[in-house]
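# Observations on the three-dimensional arrangement
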Amino acid sequence: MTDEHVNAGAEADSLPIDVKTITETVNLAWNMALSTSTRKDIDARTAALIGHLNLLVGQCLDEGENRETLQVLRAVQRHLAASNRPTSRTHAHDAYNYLRDAAIFTSTLLGAYQRSHGVNEG
């Protein structure tokens, strides 16, 4: 992973959600192929998705979310746990799979955020 700052906790609760940027990051992740992506690119995109996930978790926790969203939030929190994140020793295939899962979680939480806040893609 990169040394890029990742938003977490109270800081994430106060930052605005940029739907367009998050959507673009998810789409870029989904368009990555393991065979043509460098590990550096995978790690950089993963770091961006983790930052977006932390922002979205902060927003969704403040809302009285429905049962399905709460289940997704629990899964996201397990996914984001430091012990589950890829390290420099993680095989590229596993890091890529983590990236794909992060993109799915990000897209799911973004959709929940948009529905609960009546926000359309920028």
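Residues numbered from 1 in each chain as written. Predicted model: local features only at pLDDT ≥ 70, side-chain atom pairs only at ≥ 80, totals over all residues. Heavy atoms only, no water.

The next point concerns the overall build of the protein chain. Per the secondary structure count, the protein chain includes five helices and zero strands. Ordered by position from N to C terminus, the α and β elements of the protein chain give α-α-α-α-α. Long-range pairs, those at least 24 residues apart, make up 79% of the contacts in the protein chain between residues at least 6 apart in sequence. Summing over all exposed atoms, the protein chain offers an accessible surface of approximately 6,900 Å²; the carbon and sulfur share of this is 48%. (Helix = DSSP H or I, 4+ residues; strand = E, 2+ residues; numbered from the N terminus. Contact = heavy atoms within 4.5 Å. Areas by Shrake-Rupley, 256 points an atom, 1.4 Å probe, with all protein chains shown as cover.)

Caution applies to low-pLDDT parts of the model: their predicted coordinates are not meant to be read in detail. Looking at the protein chain, the pLDDT average stands at 86 and 83% of residues meet or exceed 70. Summarising per-element confidence for the protein chain, the mean pLDDT is lowest in helix 1 (residues 9-14) (47) and highest in helix 2 (residues 19-30) (96). Contacts from residues 1-13, a stretch scored under 50 in pLDDT, to residues over four places away or in other chains number 26 contacts. (pLDDT = per-residue confidence, 0-100.)

Helix 5 (residues 92-117) packs onto helix 4 (residues 67-80) with a crossing angle of 150 degrees between their chain directions and a minimal axis gap of 11 Å. Taken together, the axes of helix 4 and helix 5 are roughly antiparallel relative to one another. Considering how the two elements wind past one another, helix 4 and helix 5 form a crossing that is left-handed. Here helix 4 contributes Thr69, Val72, Leu73, Ala75, Val76, His79 and Leu80 to the contact with helix 5, which in turn contributes Tyr98, Asp101, Ala102, Phe105, Thr108, Leu109 and Ala112. Considered class by class, the residues forming the contact of helix 4 with helix 5 number 10 nonpolar, three polar and one charged. (Axes fitted to C-alpha atoms, helices over the stretch in contact; angles between N-to-C directions. Parallel < 35°, antiparallel > 145°, perpendicular 65-115°, else oblique. Left-handed = near helix turned anticlockwise from the far one by under 90°. Nonpolar A, V, L, I, M, F, W, Y, C, P; charged D, E, K, R; others polar.)

Attention now moves to the environment of Tyr96. Position of Tyr96 relative to the elements: it lies in helix 5. Residues Tyr96 and Ser37, 59 residues apart in the sequence, show an inter-C-alpha distance of 9.1 Å. Other than its neighbours up to four places away in sequence, Tyr96 contacts Met32, Ala33, Leu34 and Ile42.

The next point concerns the pattern of salt bridges. Evaluated as defined, the whole model comprises one salt bridge. Between Asp43 and Arg39 there is a salt bridge, with its nearest N and O atoms 2.9 Å apart. With Asp43 and Arg39 both in helix 3 (residues 39-62) and four residues apart, this pair spans about one turn of that helix. Residue classification places Asp43 among the buried positions, given a relative accessible area of 9%. You can call Arg39 partly exposed: its relative accessible area is 21%. (Salt bridge = Lys/Arg side-chain N within 4 Å of Asp/Glu carboxyl O. Buried < 20%, exposed > 50% of the residue type's maximum accessible area, 1.4 Å probe, protein only.)

Attention now goes to helix 4. Spacing of three or four residues puts side chains on the same side of an α-helix, whose turn is 3.6 residues. For helix 4, with 14 residues, the first-to-last C-alpha span of 20 Å sits near the 20 Å given by 1.5 Å per residue. All of the buried residues in helix 4 are Thr69, Leu73, Ala75, Val76, His79 and Leu80. Projected down its long axis, helix 4 shows its buried positions confined to an angular sector of 165 degrees, all on one face. Exposed side of helix 4, more than 90 degrees from the buried face: Arg67 and Arg78 are the residues found there. (Expected span 1.5 Å × (residues − 1). Arc of directions from axis to C-beta.)

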